[in-house]
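These are the residues of each chain, in order.
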Amino acid sequence: MTDTRSIPPGGRSRDSELEIGFAILLVLSGVYVAYELLADPAGGHPFGHWLGIVGTLLMLMTETLYSIRKRTRLLNWAGPVRRWLSFHIVTGLVGPFLVLMHTALQFRGLAGVAFALTIVVVASGFLGRYLYTALPRRLSGVEQTHGEMASEARRLGAELLALQEEKPERVRAIVADLQRRQPARSPFLSLVGRSFFQWRFRRQLRRALLGLVDVEVEQRREIRRLLDRQRELARQMETLETARRYTRLWHMAHIPLGLTLFFSVAVHIAAALFFRAGIFGS
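S.K.: Mind laying out the overall build of the protein chain, listing which residues take part and the relevant values?
M.R.: Helices and strands together make up the secondary structure of the protein chain, namely 9 helices and 0 strands. If you list the helices and strands of the protein chain from N to C, you get α-α-α-α-α-α-α-α-α. For the protein chain, buried positions account for 38% of its 282 residues. In the protein chain, once contacts between residues fewer than 6 apart in sequence are set aside, the share between residues at least 24 apart is 79%. When the accessible surface of the protein chain is split by element, carbon and sulfur atoms take 65% of a total near 16500 Å².

S.K.: Describe in detail the side chain of Thr239, supporting the description with residues and values.
M.R.: Relative to the helices and strands, Thr239 resides in helix H9 (residues 217-274). Judged by its relative accessible area of 0%, Thr239 falls in the buried class. If we ignore the near neighbours within four places in the chain, the residues touching Thr239 are Pro187, Ser190 and Leu191.

S.K.: Tell me what's going on with the packing of helix H5 (residues 146-164) against H9, and back it up with residues and numbers.
M.R.: Helix packing geometry: the angle between the two helix axes and the distance between the axes. At a minimum axis separation of 10 Å, H5 and H9 run at an interaxial angle of 155 degrees. It follows from the interaxial angle that H5 and H9 lie roughly antiparallel. The two elements H5 and H9 cross, and the hand of that crossing is left-handed. Counted together, His146, Met149, Ala150, Glu152, Ala153, Leu156, Gly157, Glu159, Leu160 and Leu163 of H5 and Gln219, Glu222, Ile223, Arg225, Leu226, Leu227, Arg229, Gln230, Leu233, Gln236, Met237 and Leu240 of H9 form the full contact between these two elements. A breakdown of the residues in the contact of H5 with H9 according to their chemical character gives 12 nonpolar, 5 polar and 5 charged.

S.K.: Before we move on, can you summarise the packing of aromatic side chains with the specific residues and values?
M.R.: With the rule as written, the count across this model stands at 4 aromatic pairs. Where Phe188 meets Tyr246, the ring centres are 5.5 Å apart and the plane angle is 45 degrees; that geometry is what we call tilted. One end of the pair, Phe188, is in helix H7 (residues 187-192); the other, Tyr246, is in helix H9, and 58 residues separate them in sequence. Tyr246 gets classed as partly exposed once you look at its relative accessible area, which sits at 30%. Centre to centre, the rings of Phe196 and Trp199 are 6.0 Å apart; their planes meet at 35 degrees, and the pair counts as tilted. Placement of the pair is Phe196 and Trp199 together in helix H8 (residues 194-210), with a separation of 3 residues, close to one helical turn.

S.K.: An account of the pattern of salt bridges is needed here, citing residue identities and associated values.
M.R.: Applying the stated criterion across every chain yields a total of 11 salt bridges. In this structure, the salt-bridge partner of Glu159 is Arg225, at a minimum N-O distance of 3.8 Å. Of the two residues, Glu159 sits in helix H5 while Arg225 sits in helix H9, which places them 66 residues apart along the sequence. With a relative accessible area of 26%, Glu159 lands in the partly exposed category. Judged by relative accessible area, Arg225 falls into the partly exposed class, the value being 38%. One network of salt bridges, with partners in common, ties together Glu152, Arg155, Glu159, Glu222, Arg225, Arg229, Glu232 and Arg235.

S.K.: Let's hear about the nonpolar core: which residues, and what values?
M.R.: Counting 24 residues, the largest nonpolar core has Leu160, Leu178, Leu205, Leu209, Leu212, Ile223 and Leu227 as the members making the most contacts within it. Elements with a minimum of two residues in this core: helix H4 (109-134), H5, helix H6 (169-179), H8 and H9. With 7 residues, H9 is the largest single contributor of residues to this core. Among residues more than four places away in sequence, those in contact with Leu209 are Leu178, Arg220, Ile223 and Arg224.

Cut-offs applied
Residues numbered from 1 in each chain as written. Predicted model: local features only at pLDDT ≥ 70, side-chain atom pairs only at ≥ 80, totals over all residues. Heavy atoms only, no water. Helix = DSSP H or I, 4+ residues; strand = E, 2+ residues; numbered from the N terminus. Buried < 20%, exposed > 50% of the residue type's maximum accessible area, 1.4 Å probe, protein only. Contact = heavy atoms within 4.5 Å. Areas by Shrake-Rupley, 256 points an atom, 1.4 Å probe, with all protein chains shown as cover. Axes fitted to C-alpha atoms, helices over the stretch in contact; angles between N-to-C directions. Parallel < 35°, antiparallel > 145°, perpendicular 65-115°, else oblique. Left-handed = near helix turned anticlockwise from the far one by under 90°. Nonpolar A, V, L, I, M, F, W, Y, C, P; charged D, E, K, R; others polar. Phe/Tyr/Trp six-rings, centres within 6.5 Å; stacked < 30°, edge-to-face > 60°. Salt bridge = Lys/Arg side-chain N within 4 Å of Asp/Glu carboxyl O. Core = buried A, V, L, I, M, F, W, Y, C linked by side-chain atoms within 4.5 Å.

Below, the structure is given as structure tokens:
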């Protein structure tokens, strides 16, 4: 049976893949600084070349494995798509960082062009992730339909009504005020500003619920969760088609950029082999 349950706000990974990725970058930075202080670095040193090799392999994994998992059935046994996206993001951070250390901040010739393309592809990846998380997902990672979101919104409304039973009129008035739709804004603005608008609503939500001293703490938390999810669903339904359209446009740009990057990397590697540079020397 297909799992149509959605990922609730509290059930997301809280950008844990970014936290993991940046933690690894911090460790790698420490290793590189220690190498600079304790060793005697020189141009063409094997350590620098191995950084480039490992970084390139990670970037190749970034570019291929997630796409294979998402578009084929070959890796269905290896976990849900959303976990592969997290892996894609971590390797997409660590690989380019290793390549940056490989360059020793020397951006000349083809290597400089390749690294400039790497920066563009990584920046494009952050944009793609933002668009990806704008699209509602089931627990399986598959995109939700508009009908599924509407059904969930009705269920949330019923749960909120049940929580308000036998509560003072003031409580119902506060909940009704928080449920009131905001002034209409363009779907594009709602999409690009969704993090800010959701943060602003959550701040308003916390302040309003602090005044409900005659409501049990657990019930306040549940009201907060339901209202937060209800607002997020409303925003997702409003921006669904816009998010899909911009995601398609992003794919049209991101994939050619990635292919161009790996072509330049392949030429760079071929040149290193031809001129017997670094660890390829005789």
